[in-house]
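Fold and geometry: a report
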Amino acid sequence: MTINKLKGEHKLTLAGKEYKARLNIDAIMRIEESTGKSVIQIAQEMGMNQGITVSQILVVLYNGLRGGGNDLSETDVKHIIGKSYMESITAVAQLLTKTLTGYSEEETDEGKLPKVE
């Protein structure tokens, strides 16, 4: 599986299987509309140990996995969460963090951008 970090793609491992995930602007808008919270709020609440609901996990993972090109239904993602609940929480945290912060040049191994000085 080839991941293009410059496109915002991420590799997630859930229930023993690797998936490509990506939160583009459309996915972020669907997450915010569905949860009533910004993705920044969701990430902050997770970071401050205020928790995340299963519904929020489903919405973020479903949109992220679909954005990565996976042909999965919400039911498929529910089954993934059921098989790997803790991995799913970790995957959501990673996906939100990486989407919001991006990658440093050292982390990016494809298509490095020149340094601006």
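Residues numbered from 1 in each chain as written. Predicted model: local features only at pLDDT ≥ 70, side-chain atom pairs only at ≥ 80, totals over all residues. Heavy atoms only, no water.

1. As for the environment of Lys37
Mapped onto the elements of the fold, Lys37 is located in the loop between helix 1 (25–35) and helix 2 (39–47). Classification of Lys37 by relative accessible area gives partly exposed; the value is 25%. Placed 19 residues apart in sequence, Lys37 and Gln56 show a C-alpha to C-alpha distance of 9.7 Å. Within the structure, the side chain of Lys37 is placed 2.7 Å from the side chain of Glu45, a separation counted as a polar contact. (Helix = DSSP H or I, 4+ residues; strand = E, 2+ residues; numbered from the N terminus. Buried < 20%, exposed > 50% of the residue type's maximum accessible area, 1.4 Å probe, protein only. Polar contact = N/O pair within 3.5 Å; in protein donor to acceptor, adjacent residues only side chain to side chain.)

2. A short note on the confidence of the model for the protein chain
Counting all residues, the mean pLDDT for the protein chain is 85, and 86% of those residues have values of 70 or more. By mean pLDDT, strand 1 (residues 9–14) is the weakest element of the protein chain at 89, and helix 4 (residues 74–83) is the strongest at 96. Between residues 104–113, whose pLDDT stays under 50, and residues either more than four places distant or in other chains, the model counts 13 contacts. (pLDDT = per-residue confidence, 0-100. Contact = heavy atoms within 4.5 Å.)

3. Some words on the nonpolar core
Here is a general trend for soluble globular proteins: nonpolar side chains tend to be buried in one another's company. Core analysis: the largest hydrophobic core is formed by 27 residues, its most contacted members being Leu61, Leu65, Val92 and Leu96. The set of elements that each furnish at least two residues to this core consists of strand 1, strand 2 (17–22), helix 1, helix 2, helix 3 (54–67), helix 4 and helix 5 (85–101). Per-element tally for this core: the top contributor is helix 3, with six residues. Leaving out residues up to four positions away in the same chain, Leu65 has contacts with Leu12, Leu14, Tyr19, Lys20, Ala21, Asn70, Leu72 and Val77. (Core = buried A, V, L, I, M, F, W, Y, C linked by side-chain atoms within 4.5 Å.)

4. A short note on the pattern of salt bridges
Taken as a whole and assessed by the stated rule, the structure comprises four salt bridges. One salt bridge connects Glu45 with Lys37, and the closest N-O pair in it is separated by 2.7 Å. Owing to a relative accessible area of 19%, Glu45 belongs among the buried residues under this scheme. Linking Arg66 and Asp71 is a salt bridge whose minimum nitrogen-to-oxygen distance equals 3.3 Å. (Salt bridge = Lys/Arg side-chain N within 4 Å of Asp/Glu carboxyl O.)

5. Regarding helix 4
For helix 4, every residue scored as buried is listed here: Val77, Ile80 and Ile81. Looking down the long axis of helix 4, one finds its buried residues gathered within 100 degrees of arc, a one-sided arrangement. Structural note: helix 4 exposes His79, Gly82 and Lys83 on the side pointing more than 90 degrees away from its buried face. The elements touched by buried residues of helix 4 are strand 1, strand 2, helix 3 and helix 5. (Arc of directions from axis to C-beta.)

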